[in-house]
Amino acid sequence: MKERPNSTEPCNIQPCTQWVTDAWEECTAPCGGGVKRRIVKCVNEESKKVEDSRFCEAKTRPAALQNCNQHKCKNNKAPSCIKDSLSTRFCEKLKLLGRCSLITIQKQCCLTCLSSYQTLDSR
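Bear in mind that the values here come from a model prediction, so they are computed numbers and not experimental data.

Moving on: the overall build of the chain. A tally of helices and strands in the chain yields three helices and five strands. Going from the N terminus to the C terminus, the chain shows its helices and strands as β-β-β-β-β-α-α-α. In the chain, once contacts between residues fewer than 6 apart in sequence are set aside, the share between residues at least 24 apart is 52%. Summed over all atoms, the accessible surface of the chain reaches about 10600 Å², with 51% contributed by carbon and sulfur.

Along the chain, the position of C81 falls in the loop between β5 (65-68) and α1 (88-96). Residue C81 is classed as buried on the basis of its relative accessible area of 19%. Separated by 30 residues in the primary sequence, C81 and L111 place their C-alpha atoms 6.1 Å from one another.

With that settled, the discussion passes to the state of the cysteines. Applying the stated rule across the entire model yields five disulfides. The partner cysteine of C100 in its disulfide is C113, sulfur to sulfur 2.1 Å. Measuring the twist about the S-S bond at about -80°, one finds the C100-C113 disulfide to be left-handed. Within this pair, whereas C100 is found in the loop between α1 and α2 (103-108), its partner C113 is found in helix α3 (residues 110-121), the two being separated by 13 residues in sequence. The class for C113 is buried, based on a relative accessible area of 1%.

Once that is clear, we can look at unusual backbone geometry. Residues other than glycine seldom take positive phi values, yet K48 does so here, at roughly 65°. Of note, K48 is situated in the loop between β3 (40-44) and β4 (50-51). The residue N69 is not glycine, and still its phi comes out positive at about 45°. Among the structural elements, N69 can be located in the loop between β5 and α1.

Take the pattern of salt bridges next. In the structure shown here, the tally under the stated rule is two salt bridges. In this structure, the salt-bridge partner of K41 is D22, at a minimum N-O distance of 3.4 Å. In this pair, K41 sits in strand β3 while D22 sits in the loop between β1 (17-21) and β2 (34-37), placing the two residues 19 residues apart along the sequence. The exposure class assigned to D22 is partly exposed, which follows from its relative accessible area of 32%. For R54, the salt bridge is made with D52, and the minimal N-O distance between the two is 3.6 Å. Overall, the relative accessible area of 65% leaves R54 in the exposed class. Judged by relative accessible area, which is 40%, D52 ranks as partly exposed.

Definitions and limits used
Residues numbered from 1 in each chain as written. Predicted model: local features only at pLDDT ≥ 70, side-chain atom pairs only at ≥ 80, totals over all residues. Heavy atoms only, no water. Helix = DSSP H or I, 4+ residues; strand = E, 2+ residues; numbered from the N terminus. Contact = heavy atoms within 4.5 Å. Areas by Shrake-Rupley, 256 points an atom, 1.4 Å probe, with all protein chains shown as cover. Buried < 20%, exposed > 50% of the residue type's maximum accessible area, 1.4 Å probe, protein only. Disulfide = S-S within 2.5 Å. Salt bridge = Lys/Arg side-chain N within 4 Å of Asp/Glu carboxyl O.

Shown next, in the form of structure tokens:
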């Protein structure tokens, strides 16, 4: 006697999946062109587990990289400065002593030190 064939057979045995993305990371540059990244995963819709990416449709995969901050960088030689944070007299004294080359003094006596650099640049 011949065995009767199965009336049912499994099909579509691969899991139902979809692409899931994490949030974008910070841009790699504040200006002049940078890149931001994010993680893109193929996730099983039922178990919520990450599957091999071959189980998700490649054509619909979201981008993992994106260009950002493409605008040109401003070419500021000196940071904007409205007034010295130390007294003008003290800053003038530091300037005479040649201390404007120190970054900490440049920040605290920015207006006084800036005027010395502008004088040097115009020579």
